[in-house]
Amino acid sequence: MGHAMKRYFQIAIDGPVGSGKSTVARLVAERLGWLYVYTGAMYRAAALAAMNAGVPLSDAKAVARLVSEAQIGMSNPVGREVDRRPTTLLLNGKDVSWEILSEEVSKGSSVVAVHKEVREALVIKQQEIARTKNVVMEGRDTTFRVLPDAQLKVFLTAREPERAKRRHQQLLERGEDVDYKQVLGDLKKRDERDSNRKVDPLHVVQDAWVLDTTDLTVSAVVDKILQRVHELT
Ligand code: C5P
């Protein structure tokens, strides 16, 4: 009966802090003309929705309900939206692309992200997005939880000092005055926490392509991934 459903191409990009996954995912999506799905933005939107509704971030069920009922739209920035934002995110029709990047929302996002119910609600939305178009989806759980059947799974990594250097550079560019040693220490702690947490810890799935970017430029990494996509399509 009926027609076979078209299966869209899914690229899932995972990796630790400072592996370059956001930059790489965005550029790969841009080059292919596919949707870049920044899953972190959705955790941020969940926190913002709760804050706006006066729902405590600790209330897993209430936040999850808000998320399920919310309309979260993501698109690659076009026209006037091209203002260095990582993605365009509409929360119930309102453009909150910049609001979700605030420090307050950042903190809130990692609070709501620990709730199983919230994660489930967001994963459903992420999977719905990937059913309707080709995507380059970036996030800590994309290779095994969100898109376990992705045609291409990339685990980006780099040696620790290099990742700390990149993270340090990023913070300096944002005007944050921190020293390299502290950044390296924080990164080690965060790696440790991300790898050992109970729910969806950072790990390399068996069918992932592990790409060490320590000695590669961003554009070299992007080209390698594009080449692999062309081989697969
Ligand atoms: O990537 P970003 O730092 O913007 O993500 C914000 C927060 O959302 C993270 O600190 C993390 O707690 C959570 N997150 C998550 N799973 C994802 C993406 C983000 O738990 N796939």
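Residues numbered from 1 in each chain as written. Predicted model: local features only at pLDDT ≥ 70, side-chain atom pairs only at ≥ 80, totals over all residues. Heavy atoms only, no water.

On to the domain arrangement of the protein chain, then. For the protein chain, the assigned domains read domain 1 (10-34 + 135-233) and domain 2 (39-133). Taken together, the contact pairs 15 residues of domain 1 with 11 residues of domain 2. For the pairing of domain 1 and domain 2, the buried interface totals around 1,000 Å² over both sides, and the portion due to carbon and sulfur atoms is 54%. Applying the counting criterion to the domain 1 and domain 2 interface returns 1 salt bridge. The salt bridge involving Asp 141 is made with Arg 119; its shortest N-O contact spans 2.9 Å. Taken together, domain 1 and domain 2 are joined by 4 residue pairs in polar contact (both at pLDDT 80 or more). The set of elements that each furnish at least two residues to the side of domain 1 that touches domain 2 consists of strand 6 (135-138) and helix 6 (142-146). Class assignment of the residues belonging to the side of domain 1 that touches domain 2 gives a composition of 6 nonpolar, 3 polar and 6 charged. (Domains from an automatic or database assignment. Contact = heavy atoms within 4.5 Å. Buried area = accessible area lost by both parts, 1.4 Å probe. Salt bridge = Lys/Arg side-chain N within 4 Å of Asp/Glu carboxyl O. Polar contact = N/O pair within 3.5 Å; in protein donor to acceptor, adjacent residues only side chain to side chain. Helix = DSSP H or I, 4+ residues; strand = E, 2+ residues; numbered from the N terminus. Nonpolar A, V, L, I, M, F, W, Y, C, P; charged D, E, K, R; others polar.)

Here the focus is the sheet that holds strand 3 (residues 72-75). Hydrogen bonds along the backbone pair up the strands of a sheet, which may run parallel or antiparallel. Strand order across the open sheet formed by 3 strands is 3-4-5, with antiparallel pairing between neighbours. In this open sheet, the two strands that pair with only one neighbour each are strand 3 and strand 5 (94-95). (Pairing = 2+ DSSP bridges.)

Residues in contact with the ligand, as listed here, are Tyr 38, Thr 39, Gly 40, Tyr 43, Arg 44, Ser 109, Ser 110, Ala 113, Arg 119, Gly 139, Arg 140 and Asp 141. Between the ligand and the protein, one listed contact pairs a nitrogen atom with a side-chain N or O atom of Thr 39 at 3.0 Å. At 2.7 Å from an oxygen atom of the ligand is found a side-chain nitrogen or oxygen belonging to Arg 44. When the ligand is considered free in solution it has 450 Å² of accessible area, and contact with the protein chains removes 86% of it. (Near = heavy atom within 4 Å. Areas by Shrake-Rupley, 256 points an atom, 1.4 Å probe, with all protein chains shown as cover.)

Oppositely charged side chains may form a pair once their charged atoms are brought near each other. The tally for this structure, following the rule as stated, stands at 15 salt bridges. The residue Asp 223 makes a salt bridge to Arg 31 at a minimum N-O spacing of 3.2 Å. Residue Asp 223 is found in helix 9 (residues 218-232), and its partner Arg 31 is found in helix 1 (residues 21-32); the two are separated by 192 residues along the sequence. Overall, Arg 31 belongs to the exposed group, its relative accessible area being 55%. With a shortest N-O distance of 3.9 Å, Arg 159 and Asp 215 are connected by a salt bridge. (Buried < 20%, exposed > 50% of the residue type's maximum accessible area, 1.4 Å probe, protein only.)

What follows deals with the packing of aromatic side chains. Enumeration according to the criterion identifies 2 aromatic pairs in this entry. A ring pair is formed by Phe 9 and Trp 34, whose centres lie 5.4 Å apart and whose planes are at 45°; its orientation type is tilted. Of the two residues, Phe 9 is situated in the segment before strand 1 (10-14) and Trp 34 in the loop between helix 1 and strand 2 (35-38); the sequence distance between them amounts to 25 residues. Since its relative accessible area comes to 9%, Phe 9 is described here as buried. The buried category is assigned to Trp 34, whose relative accessible area is 13%. Plain terms: the ring middles of Tyr 36 and Tyr 38 are 6.2 Å apart, the flat faces sit at 10° to each other, and that makes the pair stacked. According to the relative accessible area criterion, Tyr 36 is buried, its value standing at 2%. Between Arg 228 and the ring centre of Trp 209, over which it is positioned, the NZ or CZ distance is 3.9 Å. (Phe/Tyr/Trp six-rings, centres within 6.5 Å; stacked < 30°, edge-to-face > 60°. Lys NZ or Arg CZ within 6 Å of the ring centre and 35° of its normal.)

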